[in-house]
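Structural description and commentary
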There are 2 protein chains.
Amino acid sequence: MAPNDAVLAPFRKQGHDHGKCVRDALTAAEQVCAREGASLTPLRRRVLELVWGAHAPVRAYDLLDTLRGERRRAAPPTIYRALDFLLSVRLIHRIESLNAFVGCADPKHSHGGQFLICDGCGAVAELDDPTIARRVADRARALGFTPRRQTIEISGRCPDCAADG
Amino acid sequence: MAPNDAVLAPFRKQGHDHGKCVRDALTAAEQVCAREGASLTPLRRRVLELVWGAHAPVRAYDLLDTLRGERRRAAPPTIYRALDFLLSVRLIHRIESLNAFVGCADPKHSHGGQFLICDGCGAVAELDDPTIARRVADRARALGFTPRRQTIEISGRCPDCAADG
DNA sequence: CTGTTTATGTTATATTATAACAATCTCTGT
DNA sequence: ACAGAGATTGTTATAATATAACATAAACAG
Ligand SMILES: [Zn+2]
Ligand SMILES: [Zn+2]
Ligand SMILES: [Zn+2]
Ligand SMILES: [Zn+2]
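These notes cover the structure that comes with them. Sequence order as written defines residue numbering, which begins from 1 separately in each chain. Chain A is the first chain written and ligand 1 is the first ligand written, with later ones labelled in order. With pLDDT at 70 or above as the cut-off, local features in this predicted model cover only qualifying residues; side-chain atom pairs require 80 or more to be listed or tallied, and sums for whole chains, interfaces and linings still use all residues. Just so you know, side-chain values use all the structure's heavy atoms and leave hydrogens and water out.

It is worth spelling out the sheet that holds strand E5 (residues 146-157) of chain A at this point. Strands sit in the order E4(A)-E3(A)-E5(A)-E5(B)-E3(B)-E4(B) across an open sheet of six strands; the sheet is mixed. The sheet is open, and its two edges are formed by strand E4 (124-127) of chain A together with strand E4 (124-127) of chain B, each paired on a single side. Across the sheet, the axes of successive neighbouring strands diverge by a mean angle of 20°, strand direction being ignored. Here E5(A) runs beside strand E5 (residues 146-157) of chain B; their pairing, made up of eleven bridges, is antiparallel. Across the sheet, A:Arg149 pairs through a bridge with B:Ser155, a residue of E5(B). Here, two residues are considered to be in contact whenever any of their heavy atoms come within 4.5 Å of each other. Axis definition: a line fit to C-alpha positions, over the contact stretch in the case of helices; interaxial angles, taken between N-to-C directions, run 0 to 180 degrees. A run of DSSP states H or I qualifies as a helix once it reaches four residues; a run of E qualifies as a strand once it reaches two. Both are numbered from the N-terminal end. Lying on the sheet, helix H6 (residues 130-142) of chain B is in contact with strand E3 (114-118), E4 and E5 of chain A together with strand E3 (114-118) and E5 of chain B; it crosses E5(B) at an angle near 130°. By the convention used here, strands pair only if DSSP detects at least 2 bridges between them.

The next thing to look at is the pattern of salt bridges. We define a salt bridge as a side-chain nitrogen of Lys or Arg found within 4 Å of a carboxyl oxygen belonging to Asp or Glu. Taken as a whole, this structure holds 22 salt bridges over all chains when the rule is applied. One network of salt bridges, in which partners are shared, links A:Arg46, A:Glu49 and A:Glu70.

Turning next to the protein's contact with DNA strand C. Close contacts around DNA strand C come from 18 residues, with A:Thr41, A:Arg73, A:Arg81, B:Tyr61 and B:Arg94 the closest. Taking the atoms of DNA strand C that fall within 4 Å of the protein, sugar and phosphate contribute 48% of them. Within the side chain of A:Thr41, one N or O atom sits 2.8 Å away from a phosphate oxygen of DNA strand C. With four residues, the top contributor of residues to the surface near DNA strand C is helix H5 (residues 76-88) of chain B. Considered class by class, the residues forming the surface near DNA strand C number seven nonpolar, four polar and seven charged. Nearness of a residue to a molecule or strand requires only that one of the residue's heavy atoms be within 4 Å of it. N or O atoms within 3.5 Å of each other form a polar contact, as long as, within protein, one can give a hydrogen and the other can take it, and as long as residues adjacent in sequence are counted only when both atoms are side-chain atoms. Think of it as three bins: nonpolar holds Ala, Val, Leu, Ile, Met, Phe, Trp, Tyr, Cys and Pro, charged holds Asp, Glu, Lys and Arg, and polar takes everything else, Gly as well.

In this section: the coordination of the zinc ion (ligand 4). Residues and elements named next belong to chain B. The donor set comprises N, O and S atoms within 2.8 Å of the metal, extended to 3.2 Å for Na, K and Ca; water molecules are omitted, so apparent gaps in a site may simply reflect that omission. Coordination of the zinc ion (ligand 4) by the protein is provided by Cys118 (SG), Cys121 (SG), Cys158 (SG) and Cys161 (SG), with metal-donor distances spanning 2.1 to 2.5 Å. In terms of primary sequence, the donors binding the zinc ion (ligand 4) are separated according to C-x2-C-x36-C-x2-C. Taken as a pair, Cys121 in the loop between E3 and E4 and Cys161 in helix H7 (residues 159-163) lie far apart in primary sequence, 40 residues in all. Classification of Cys121 by relative accessible area gives partly exposed; the value is 35%. Only protein chains enter the calculation, and the probe is 1.4 Å; a residue is then buried if its accessible area is under 20% of its type maximum, exposed if over 50%, and partly exposed in between.

Let us now look at the protein's contact with DNA strand D. Around DNA strand D, 18 residues are found, and the nearest of them are A:Tyr61, A:Arg94, B:Thr41, B:Arg73 and B:Arg81. Taken together, the sugar and phosphate atoms account for 51% of what DNA strand D places within 4 Å of the protein. In this structure, a phosphate oxygen belonging to DNA strand D sits 3.4 Å away from a side-chain N or O atom of B:Arg44. Interatomic distance of 3.0 Å between a side-chain N/O atom of B:Arg71 and a phosphate oxygen of DNA strand D. Broken down by secondary-structure element, the contributors of at least two residues to the surface near DNA strand D are helix H5 (76-88) of chain A together with helix H3 (42-52) and H5 of chain B. Broken down by element, the surface near DNA strand D gets its largest block of residues, four residues, from H5(A).

When two helices pack together, their arrangement is given by the angle between the helix axes and by the axis-to-axis distance. Residues and elements named next belong to chain B. Contact geometry for helix H4 (residues 60-68) and H5: axes closest at 9 Å, N-to-C directions at 115°. Regarding H4 and H5, the two cross each other, and that crossing is right-handed. Listed contacts from H5 to Ala60, Tyr61, Leu63, Leu64 and Leu67 of H4 are Pro76, Thr78, Ile79, Tyr80 and Leu83. Left-handed is the label given to a crossing in which the near helix is rotated counterclockwise from the far helix by less than a right angle, and right-handed is the label when the rotation is clockwise.

Before going further, it helps to spend a moment on the nonpolar core. If you look at the biggest cluster of nonpolar residues, it comprises 32 residues, and the most contacted ones within it are A:Phe11, A:Leu116, A:Phe145, B:Phe11, B:Leu116 and B:Phe145. Among the secondary structure elements, those contributing two or more residues to this core are E3, E4, helix H6 (130-142) and E5 of chain A together with E3, E4, H6 and E5 of chain B. For this analysis, a nonpolar core means a set of buried residues of the types Ala, Val, Leu, Ile, Met, Phe, Trp, Tyr and Cys, connected via side-chain atoms within 4.5 Å. Of all hydrophobic cores here, the second largest spans 29 residues; its members include B:Val47, B:Leu50, B:Val58 and B:Leu63.

And the structure:
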């Protein structure tokens with residue numbers, strides 16, 4: 001398996017076992033929370049599972065609609081609080097340019113991810129190129145700025161969608 | 001004047017002539033629009049001027065409030081259409097992580113800017129480091145992705161605010 | 001237990017953005 | 001000047017995203 005394969009999984013409509021993606025993500029989540037003493041309640045766990053449901057960014061109110069099917073009293077704060085928790089332990093990322101959320105591909109290591117967002121199919125792949133992150137941070141510091149968080153989002157066309165229209 | 005001076009102007013509360021910033025921005029805007037055959041109407045020009053009012057990102061509804069003082073019938077579409085126009089000719093940028101807008105420091109050259117956003121004072125400085133932009137684009141292309149637009153936003157503390165709390 | 005913290009429920013509202021259609025302005029060709 | 005076409009702005013309504021504020025209920029430590 002080429003090293004790019006994991007990164008590009010979201011762009012492969014067929015040929016990746018997404019059930020396994022989700023199971024692995026939940027397992028990793030348990031470990032991360034245990035390590036940090038954070039409490040992954042059933043609600044938070046379920047929201048994380050829903051975020052992972054597609055290999056694509058999900059909007060808060062879509063999560064809410066789904067959750068309402070199984071938990072009558074879900075309201076906007078229900079979802080936003082769960083999302084805030086998941087963000088705080090870095091199990092998910094927020095895609096600023098889409099107002100949407102996506103599961104973190106590598107929650108065990110701290111990082112400000114870089115995201116490739118396909119205009120065609122909506123899929124998002126998460127890179128983690130330390131060279132880019134470091135270069136950006138260095139450039140900021142060279143100007144006397146103290147960086148805290150990076151948001152790097154690249155819109156364009158994934159391999160499949162570039163081939164089509 | 002050191003080369004960083006222009007970039008850091010937004011972080012210097014004193015000692016930069018902001019009136020000149022605005023006048024220069026409007027002059028450049030006229031030129032850009034003339035060159036592209038775009039029509040910088042009084043309304044659009046005024047909204048651009050308001051965006052430049054502070055050297056900081058401005059939210060759409062704040063612009064709307066201001067505009068209403070001088071144009072009774074301003075409504076959300078008034079502002080959003082003007083902003084869409086200004087974005088389309090790249091006279092302003094949208095800061096995704098703030099849902100806010102900021103004047104482009106260099107509208108004569110096409111670029112996906114990189115933004116340093118101060119948590120303390122709210123000021124935003126625009127970099128344009130081609131090395132970063134190229135590296136990001138190259139990395140995307142190496143994965144078969146065709147990049148169209150980059151969003152790069154760095155939150156942190158500007159020199160002044162890092163010195164304080 | 002009992003108070004304290006954490007998590008969730010509940011209602012209401014704030015903030016950001018767009019849809020849809022009407023009116024007006026601008027420009028062009030005659 | 002006039003008609004028609006396209007661009008711009010006005011107007012009303014509503015969609016989409018997010019948070020405030022306070023109530024209730026679990027979880028947990030002493
Ligand atoms: Zn998957
Ligand atoms: Zn991640
Ligand atoms: Zn710019
Ligand atoms: Zn500052």
